[in-house]
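# Remarks on the overall topology
Each chain, written out:
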Amino acid sequence: MTVRTRIAPSPTGDPHVGTAYIALFNLCYAKQHGGKFVLRIEDTDQSRSTPESEQAIFDSLRWLGLDWDEGPDVGGNLGPYRQSERKDIYKKYVDQLLEAGHAFKCYRTPEELDALRAERKASGINTAIKPEDLKLDDKIVAEREAANTPYVVRMNVPTDGICEVEDLLRGKIELDWSMVDAQILMKSDGMPTYHLANVVDDHLMEITHVIRGEEWINSAPKHILLYQYFGWQAPVLCHLPLLRNTDKTKLSKRKNPTSILYYQRMGYMAEALTNYLGRMGWSMPDESEKFSLQEMLDNFDIKRVSLGGPIFDVEKLRWLNSLWIREDLDDEALAERMVKWALNQDNMMKVIPHVKQRIETFSDFLPMVAFLAAGKLELTEADFTANKLSLEDQKKALQFALWKLEALQEWNRDQLFNTLKSLADEMSLKIKDFLAPLFVAISGTTASFSVMDAMELLGSDMSRARLREAIEVLGGAGKKVLKRYEKEFAQLGKSPEGEAVE
Ligand code: GLU
């Protein structure tokens, strides 16, 4: 048997360090067994998937040295490797399940589902929704069928009992069937859901080991059942511990930069980041902290993964990076890296149009763009005092902007402008006054070029990190303040009667 592992990221937003972490362990496992590592793009959620995001996954994983043997961009015998190109395949398998009675068409409307949920809630039922809960009168079904009413396909699941999941690291895990709902397998638009597409693809792509984050453990019963329904051998399952913030909560962009692009932009060495991800729950036999990807590959043993939640601590990563700079780059190599990192032609061409009108001599250039290359800006409260709004209101504006920007799916000048302009309107602030603290937070001064352009150039994680830092400089937003802000934020755009304002 050839070992085949895979990662299956969804191309939404920025490429996540968690994706790289899972990729690293899959790559190591496959290579250690002389196997293959596959990259599959799970883009069934077409409203959120973007080609830019897909490209960013390719670029950032390659930057980290995590190359794949098969994938949408490199080909392979078991493709296509992009789920949006496999729609017909899933249809065939859904039909098979329907025919065998393992799945059923569900004609419940969203309103009827809401009503069902409300009813169950009122009666204190908190188990999962089962096929029998969803049953409609035969007559209604026949009517809806005849009228070509949209439907979803759901899987049949047992009502109760225990599902045993065998995990490579955890051994036997017992999960309760009563908590597993009649999962939708195909949406009304004919697109499969994650669960169906994932199982079908892992089977057809001959994946032998599914190594993924522990947030998927609860999905394992559905997957195992699907393998049984199809009569297929299930792959070995292995759930890696989730990366955590320093406060032990799940790593989230609200607390920590999570985008690989952020770390690239901050000037971390790819070798150091890969090394650090290898330290997440895993250690070398001699416990050494610094090791190359090759050394990890040579010494890999998945059994050395420890299940305690690994903390992704940026300070530690910084320290490790400094070792890499000192020990692995001679002066010439460091100079080369610097040029490649910041002063390359591509970067220059992005920046020059913004500064050309503003510089009189070349020597004006570096000071004007230094904020783009800087990691953290050394701000103090005094940097904000010249702005029109009170410091308190500036802090609030920054926090509200941060929340809006966290929800933004596309990071470009127009999106940023529209979002921030409507926020300023909702807060009844003049755009100029509203943007002033953002200017300082992003570029360290109000005398820079457009803050929207600057944010686009900096990227989403770096921009958000700067807003977070500025909020800290202004005294931070403790629990109480946040509560108050959240309330106010939730009221934005609503008239006093609670109606949305047109
Ligand atoms: N598309 C899922 C994700 O985004 C894949 C999970 C899995 O590996 O099964 O993480």
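Residues numbered from 1 in each chain as written. Predicted model: local features only at pLDDT ≥ 70, side-chain atom pairs only at ≥ 80, totals over all residues. Heavy atoms only, no water.

The subject of this paragraph is the overall build of the chain. In terms of regular secondary structure, the chain is built from 21 helices and nine strands. Taking 502 residues into account, the globule formula puts the C-alpha radius of gyration at 23 Å, and the chain, at 26 Å, falls close to it. Overall, the C-alpha framework of the chain stretches about 75 × 65 × 40 Å when taken along its three principal axes. The buried share of the chain, taken over its 502 residues, is 47%. For the chain, restricting intrachain contacts to residue pairs at least 6 apart in sequence, the fraction spanning at least 24 positions comes to 75%. Averaging the coordinates of the 64 positive side-chain charges in the chain and doing the same for the 78 negative ones gives two points 3 Å apart. (Helix = DSSP H or I, 4+ residues; strand = E, 2+ residues; numbered from the N terminus. Rg over C-alpha atoms; globule rule 2.2 N^0.38 Å. Buried < 20%, exposed > 50% of the residue type's maximum accessible area, 1.4 Å probe, protein only. Contact = heavy atoms within 4.5 Å. Lys, Arg positive; Asp, Glu negative; His and termini not counted. Charge placed at Lys NZ, Arg CZ, Asp CG, Glu CD.)

Another point: the site of the ligand. Lining the immediate surroundings of the ligand are Arg-6, Ala-8, Ser-10, Glu-42, Tyr-194, Asn-198, Arg-212 and Trp-216. Here an oxygen atom of the ligand and a side-chain polar atom of Tyr-194 are 2.7 Å apart. Interatomic distance of 2.9 Å between a side-chain N/O atom of Arg-212 and an oxygen atom of the ligand. Contact with the protein chains covers 81% of the free accessible surface of the ligand, which is 290 Å². Of the residues assigned to the shell around the ligand, the class counts are three nonpolar, two polar and three charged. (Near = heavy atom within 4 Å. Polar contact = N/O pair within 3.5 Å; in protein donor to acceptor, adjacent residues only side chain to side chain. Areas by Shrake-Rupley, 256 points an atom, 1.4 Å probe, with all protein chains shown as cover. Nonpolar A, V, L, I, M, F, W, Y, C, P; charged D, E, K, R; others polar.)

A word on the sheet that holds strand E3 (residues 103-106). The sheet built from three strands is open, its strands ordered E3-E4-E7 with antiparallel pairing. Since the sheet does not close on itself, it has two edges, and those belong to E3 and strand E7 (184-186), each with one partner. Ignoring strand direction, the axes of neighbouring strands in this sheet form an average angle of 45°. The pairing of E3 with strand E4 (residues 152-155) spans four bridges and is antiparallel. Residue pairing in the sheet places Phe-104 in a bridge with Arg-154 of E4. (Pairing = 2+ DSSP bridges. Axes fitted to C-alpha atoms, helices over the stretch in contact; angles between N-to-C directions.)

Turning to the layout of surface pockets, a few remarks are in order. Which parts of space are left empty comes out when a probe the size of a water molecule is rolled across the atoms. The computed volume of the second largest pocket comes to approximately 910 Å³. Lining the second largest pocket are 30 residues, and of these Arg-254, Lys-255, Asn-256, Pro-257 and Arg-468 sit closest to its centre. Looking at the lining of the second largest pocket, the elements that each hand over two or more residues are helix H12 (314-328), helix H16 (391-406), helix H20 (460-473) and helix H21 (479-491). The leading source of residues in the lining of the second largest pocket is H20, at six residues. Looking at the lining of the second largest pocket residue by residue, the class counts come to 13 nonpolar, five polar and twelve charged. (1 Å grid on protein atoms, 1.4 Å probe; cavity = no way out; pocket = protein on both sides within 12 Å on 5 of 7 lines; lining within 4 Å. Points joined across faces, edges and corners; volume = space filled by probe spheres on them.)

With that settled, consider the nonpolar core. When a protein is soluble and globular, its nonpolar side chains tend to lie buried together. If you look at the biggest cluster of nonpolar residues, it comprises 102 residues, and the most contacted ones within it are Phe-312, Phe-434 and Leu-438. The contacts of Phe-312, once residues within four sequence positions are left out, are Val-17, Leu-243, Arg-244, Leu-251, Asn-256, Tyr-263, Leu-273, Tyr-276, Leu-277, Met-280 and Leu-317. Counting residues in hydrophobic clusters, the runner-up holds 43 residues, among them Val-94, Ala-197, Ile-207 and Leu-237. (Core = buried A, V, L, I, M, F, W, Y, C linked by side-chain atoms within 4.5 Å.)

This part is about H12. With 15 residues, H12 extends 20 Å between its outermost C-alpha atoms, agreeing within 8% with the 21 Å of an ideal straight helix rising 1.5 Å per residue. For H12, the complete set of buried residues consists of Val-314, Leu-317, Leu-320, Asn-321, Ser-322, Leu-323 and Trp-324. Of the surrounding secondary structure, the elements contacted by the buried residues of H12 are helix H9 (260-265) and helix H10 (270-278). Two or three places before Glu-315, at the start of H12, stands the capping residue Asp-313, its side-chain oxygen 2.9 Å from that residue's backbone nitrogen. (Expected span 1.5 Å × (residues − 1).)

Here we come to a nonpolar patch on the surface. A cluster of nonpolar side chains, contributed by Met-338, Val-339, Leu-343 and Leu-366, occupies part of the molecular surface with about 380 Å² of accessible area. Here Val-339 shows up in helix H13 (residues 331-341). (Patch = residues over 30% accessible without salt bridge, like charges linked within 9 Å, V, L, I, M, F, W, Y side chains within 5 Å. Salt bridge = Lys/Arg side-chain N within 4 Å of Asp/Glu carboxyl O.)

Looking now at the packing of aromatic side chains. The final tally for this structure, using the stated rule, is 20 aromatic pairs. On the numbers, 5.6 Å between centres and 25° between planes, the contact of Trp-282 with Phe-300 is stacked. Taken together, the residues Trp-282 in the loop between H10 and helix H11 (293-299) and Phe-300 in the loop between H11 and H12 connect sequence positions 18 residues apart. For the residue pair Trp-282 and Phe-300, the accessibility class agrees, reading buried in each case. (Phe/Tyr/Trp six-rings, centres within 6.5 Å; stacked < 30°, edge-to-face > 60°.)

Contact pair helix H17 (residues 413-426) / helix H19 (residues 451-458): the axes reach a minimum separation of 9 Å and the direction vectors enclose 125°. Regarding the angle of H17 to H19, the classification is oblique. Here the hand of the crossing between H17 and H19 comes out right-handed. Where H17 abuts H19, its residues Arg-413, Leu-416, Phe-417 and Leu-420 lie against Met-452, Asp-453, Met-455 and Glu-456. Taken together, the residues of the contact of H17 with H19 break down into five nonpolar, no polar and three charged. (Parallel < 35°, antiparallel > 145°, perpendicular 65-115°, else oblique. Left-handed = near helix turned anticlockwise from the far one by under 90°.)

All quantities given are derived from atomic positions and should not be read as evidence of function.
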